[in-house]
Amino acid sequence: MIFKSISDMSCDFFQKCCKTHIYVSLLVSQLSLFSGFTHAYSAILIPQLTDPSSSLQIHSSEASWIASFGTICRPVGAFFEGLIIEKYGRKRCIQISTALHACSWIYLSFSCDILSIYFCRILTGLATGMEYSAGIYMIEVSPTSQRGTLLSLMAPITATGTLITYILGYLLSWRLTSLIFGIYALLMLILQLFIYDTPIWYTIKNQKHQALRSLLWLRGDNRSQVKNELEDLEMKIQMHKDSQTKYLKRFTDRSVWKPFMILLIFSIFQKSAGQDAIFAYAVNFFSLFRTNIQQNVLSIIFAIISLIGSMNIVLLVHKFNRTTILLYSGLGMSISLAIGAIFLEFNQTLITVCCIFMYIYCCMSGMMSVPYMIIGESFPYHVRGVMGAAVSVFMFLPSFFNIKLFLTLTEILQPFGLLCYYSFFALCAAVFSKLFIVETRGKTLDEITEEYAN
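Since this is a predicted model, take the numbers as computed values, not measurements.

### So, the overall build of the protein chain
No. 1: Looking only at helices and strands, one finds 24 helices and 0 strands in the protein chain.
No. 2: The principal-axis extents of the C-alpha atoms in the protein chain amount to approximately 70 × 50 × 40 Å.
No. 3: Within the protein chain, buried positions represent 59% of all 454 residues.
No. 4: Pairs at least 24 apart in sequence give 82% of the contacts found in the protein chain among residues at least 6 apart.
No. 5: For the protein chain, the exposed surface amounts to about 18600 Å²; the carbon and sulfur share of it is 67%.
No. 6: Charged side chains in the protein chain number 33 positive and 26 negative. The centres of these two groups are separated by 3 Å.

### Focus: the nonpolar core
No. 1: One finds Ile66, Tyr166 and Phe285 to be the most contacted residues of the largest nonpolar core, which totals 128 residues.
No. 2: Top element by residues in this core is helix H3 (residues 30-50). It accounts for 11 residues.
No. 3: Discounting residues that sit within four places of it in the chain, isoleucine 66 has contacts with Ser42, Leu45, Ile46, Leu49, Ile58, Ile114, Ile117, Tyr118 and Arg121.

### What about a nonpolar patch on the surface?
No. 1: A cluster of nonpolar side chains, Val76, Phe79, Phe80 and Leu83, forms an exposed patch at the surface whose accessible area comes to about 380 Å².
No. 2: Relative to the helices and strands, phenylalanine 79 resides in helix H5 (residues 74-87).

### A closer look at the packing of aromatic side chains
No. 1: Counted according to the given criterion, the structure contains 26 aromatic pairs.
No. 2: Pairing tyrosine 41 with phenylalanine 181 gives two aromatic rings, centres 6.5 Å apart and planes at 65 degrees, and the pair type is edge-to-face. Of the two residues, tyrosine 41 sits in helix H3 while phenylalanine 181 sits in helix H11 (residues 174-192), which places them 140 residues apart along the sequence.
No. 3: Since its relative accessible area comes to 0%, tyrosine 41 is described here as buried.

### Things to note about the environment of threonine 444
No. 1: For threonine 444, the position within the fold is in the loop between helix H23 (406-436) and helix H24 (445-453).
No. 2: Put simply, threonine 444 and glutamine 414 are 30 residues apart on the chain and 47 Å apart in space, counted from C-alpha to C-alpha.
No. 3: Sequence-distant contacts of threonine 444, that is, excluding residues within four places in its chain, are made with Thr144 and Arg147.

### Brief notes about helix H18 (residues 295-319)
No. 1: In this model, H18 (25 residues) spans 36 Å end to end at C-alpha, consistent with the 36 Å of a helix rising 1.5 Å per residue.
No. 2: A bend of about 25 degrees at isoleucine 313 is the largest found in H18.

The rules behind these values
Residues numbered from 1 in each chain as written. Predicted model: local features only at pLDDT ≥ 70, side-chain atom pairs only at ≥ 80, totals over all residues. Heavy atoms only, no water. Helix = DSSP H or I, 4+ residues; strand = E, 2+ residues; numbered from the N terminus. Buried < 20%, exposed > 50% of the residue type's maximum accessible area, 1.4 Å probe, protein only. Contact = heavy atoms within 4.5 Å. Areas by Shrake-Rupley, 256 points an atom, 1.4 Å probe, with all protein chains shown as cover. Lys, Arg positive; Asp, Glu negative; His and termini not counted. Charge placed at Lys NZ, Arg CZ, Asp CG, Glu CD. Core = buried A, V, L, I, M, F, W, Y, C linked by side-chain atoms within 4.5 Å. Patch = residues over 30% accessible without salt bridge, like charges linked within 9 Å, V, L, I, M, F, W, Y side chains within 5 Å. Salt bridge = Lys/Arg side-chain N within 4 Å of Asp/Glu carboxyl O. Phe/Tyr/Trp six-rings, centres within 6.5 Å; stacked < 30°, edge-to-face > 60°. Expected span 1.5 Å × (residues − 1). Bend = angle between axes of the 7 residues up to and from the residue.

Following this line, the structure appears as structure tokens:
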């Protein structure tokens, strides 16, 4: 009872201070910050562990597992997310993910052997796999007019996490960096105790009183408006339940399997364009291009440019269609890498590095961020959690293979061939997105579902 009253008081406080859905969206989107930590951490950890002065030495095969464990475990985390998010709620899934981050980062800071590091990378991979629950939460608490803007914030937040990781890794040891991440995750977990779950989830679970409280918390004290919104929500969910009487039959509907297949094929092209591997091996990647600038400094510049690109998407989603952004983002990535490969043949490595910076700017301006917005918008209420998690599972698999095989591909293809390889798949992703992905900008979630169904 004491905790419940404290929770209610904090909810009232945030309601008076700002628009609650904005505050709570920023809070749950911290999972994207942890995703940036996880993805970039191997780039600062591996060089420190391979340094001759390190007390803990690793080999190249161990380094590839350190980099890829954070990705291969994400599908497992996404699988459990699909189970948790429907049964226990979006909020509970977010809390579990944050708790895993807090435990794994703190434990990693005290690790003394390679198996402990593996274990912590597995835990952070599992936690990062549940990141999609934050996107669902934001979609379900935000008005249609603000949904795109709030979702687009996840990309710059992820890029901020990457930049923070590279900077801390340059200034501090990997142990102290990990401890800072763990303490921050613990603070976020405490704040998450004082938020409600989404009105949609409460309504699906027939918890009408909690759904009403959640809506009042999000929308304010206008009870007549909130009651109308709740009645409309109950009617829509009941219609979905009436039309989907059998559980397995839900997944055979065209509005479910069509976006799943489209996003699955797109993810293969998108993840094969190299951005995940470059983030995971940033320091090693820039060592391929012999310049007078330190690889750590190049990695920080790389992260700053990715942050600028990801901030750009916040403006682009207001002016352009999602598919248009994906098309030009993919074309920019492909052309930048192709030009970089050409200059590399003439030993103009500095120009090649600049082309790679342009590549990541184009990537973060669309190809890296828009797909996660589309995933959350593409599925009906009754399967959104499960199918979103399923898409996440299959998106992480090509990401894992590209990270795990990065060192091998570098040896086989050499830097020139590697750039051409990534350029080809970026072009494929751009063309595929324009031809097959359904536009979601400015549409309600029901309109998007109906368009897939028809």
